[in-house]
Amino acid sequence: MKMERRVLLTESFEPGKIGIATALFNSSKVLPDFFKSLEEQTYTNFIVYSVDNASADGSAALCRDQGSRYKVTENSQNTGFAQGTNQGIRQAIEDGCEYVLILNNDVLFEPDFLALLVEGLNQHHADMVAPLTYYFDPPNVIWAAGGRLQRLFGYRPVHLGMNQIDTGQFSLDMKIQFAPGSCILARREVFSNIGLLDETFFTYWEDTDFAARALKNHLLTYLIPQAKLWHKVSSLTGKNSPFQRYYAVRNHALYIHKHCSPLEAQALNALYLTWYRIAKAFNKGDAARIQAWKDGLELARTQSFKKP
């Protein structure tokens, strides 16, 4: 697809430099913790590329106030998480960053966070790494220790360790198949190999699509559990909000069409639509989910996907 086209790399780059790509959307309430976490980093060779999606709360100005380390782009409309993040990725590579960190701004992390991610990336000769991610509240409960993709369910993502209390069960670095888009440190070459985030998704499932493409292209991703991240999950879109439910369901249908064979996609479409209809009949779902799935199928028909 056009929106996941490969990035042309600059001939030269600055070794060790990290370009942090973060998309803003009315983020003012979460930015203080984000700023503080970055200010305290022991690894200081980084630039923050903040792309604001038409926030109405002064998010862009708050980033500018942080000084020259922050490069701010303001979009005139909300272009979505995927496109906003892609803008930051492109800028980072154009400016000669060796690494790109896709990072949510509704997060906080410890002073050795960046150093541990870079160390893990190089130690394992990995293409990408991800931290051990906790819920912001309660802070000792795991949200994702990376994840895996369930092939039999159309490469459906599963967060490893989700909702488990951390008792040290993820204390060792390990290979993973899926890294949530809240935080992924990647080598610049990843984006020339498999391309950018697919902007068709707008928000939700774009990270799963990225992981599936990486897996199919034999890229190596590691969990670095000593690098710890606390995520204010759904703080900007609203947990289980109509917005979140719509894009989560619509994009699941789109994702299945993109990554599965026509026969498998047809079977999974029937399965999920049947499930949503049963849930609706028992008042455990709503008609909006069924419509969102149908919208996803209609959107998929307009795309030119490369089949696996």
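Computed from a prediction, not measured in an experiment: that's the story for all the values here.

Topic: helix 8 (residues 262–281)
So, step 1. Taking 1.5 Å per residue as the helical rise, helix 8 with its 20 residues ought to reach 28 Å, and the 28 Å between its terminal C-alpha atoms agrees with that figure.
So, step 2. Among the residues of helix 8, Glu264, Ala265, Leu268, Asn269, Tyr272, Leu273, Tyr276 and Ala279 are the ones counted as buried. Viewed end-on, helix 8 has its buried residues packed into an arc of 155 degrees, placing them on one side of the element. Set apart from the buried face of helix 8 by more than 90 degrees, the exposed residues are Leu263, Gln266 and Ala281.
So, step 3. Looking at the packing, one finds that the buried side of helix 8 touches strand 9 (156–159), helix 7 (242–259) and helix 9 (287–301).
So, step 4. Asn283 lies just past helix 8 and shows a positive phi near 60 degrees.

Concerning the packing of helix 8 against helix 9
So, step 1. Viewed as axis vectors pointing N to C, helix 8 and helix 9 meet at an angle of 160 degrees, and their least axial separation amounts to 8 Å. Judged by the angle between their axes, helix 8 and helix 9 are roughly antiparallel. Like other packed secondary-structure pairs, helix 8 and helix 9 cross with a definite hand, here left-handed. Residue-level inspection shows Leu268, Asn269, Tyr272, Leu273, Tyr276, Arg277 and Lys280 of helix 8 in contact with helix 9, the latter providing Ala287, Arg289, Ile290, Trp293, Lys294 and Leu297.
So, step 2. Split into classes, the residues belonging to the contact of helix 8 with helix 9 amount to eight nonpolar, one polar and four charged.

Focus on the environment of Leu268
So, step 1. Here Leu268 lies in helix 8.
So, step 2. With relative accessibility at 6%, the residue Leu268 sits in the buried group.
So, step 3. As for Leu268 and His257, which are separated by 11 residues in sequence, their C-alpha atoms are 9.4 Å apart.
So, step 4. Among all residues touching Leu268, those that are not within four sequence positions of it are Phe153, Gly154, Ile256, Cys260 and Trp293.

Some remarks on the nonpolar core
So, step 1. Judged by nonpolar contacts, the single largest core of 34 residues is most densely connected at Ile89, Met128, Val190, Phe191 and Phe210.
So, step 2. With five residues, the top contributor of residues to this core is helix 3 (residues 81–94).
So, step 3. Apart from residues lying up to four places away in sequence, Met128 is in contact with Leu121, Ile184, Leu185, Ala186, Val190, Phe210, Ala214, Leu220, Thr221 and Tyr222.
So, step 4. Listed in part, the 33 residues of the second largest apolar core include Leu24, Leu101, Val129 and Tyr222.

So, how was this worked out
- Residues numbered from 1 in each chain as written.
- Predicted model: local features only at pLDDT ≥ 70, side-chain atom pairs only at ≥ 80, totals over all residues.
- Heavy atoms only, no water.
- Helix = DSSP H or I, 4+ residues; strand = E, 2+ residues; numbered from the N terminus.
- Expected span 1.5 Å × (residues − 1).
- Buried < 20%, exposed > 50% of the residue type's maximum accessible area, 1.4 Å probe, protein only.
- Arc of directions from axis to C-beta.
- Contact = heavy atoms within 4.5 Å.
- Axes fitted to C-alpha atoms, helices over the stretch in contact; angles between N-to-C directions.
- Parallel < 35°, antiparallel > 145°, perpendicular 65-115°, else oblique.
- Left-handed = near helix turned anticlockwise from the far one by under 90°.
- Nonpolar A, V, L, I, M, F, W, Y, C, P; charged D, E, K, R; others polar.
- Core = buried A, V, L, I, M, F, W, Y, C linked by side-chain atoms within 4.5 Å.

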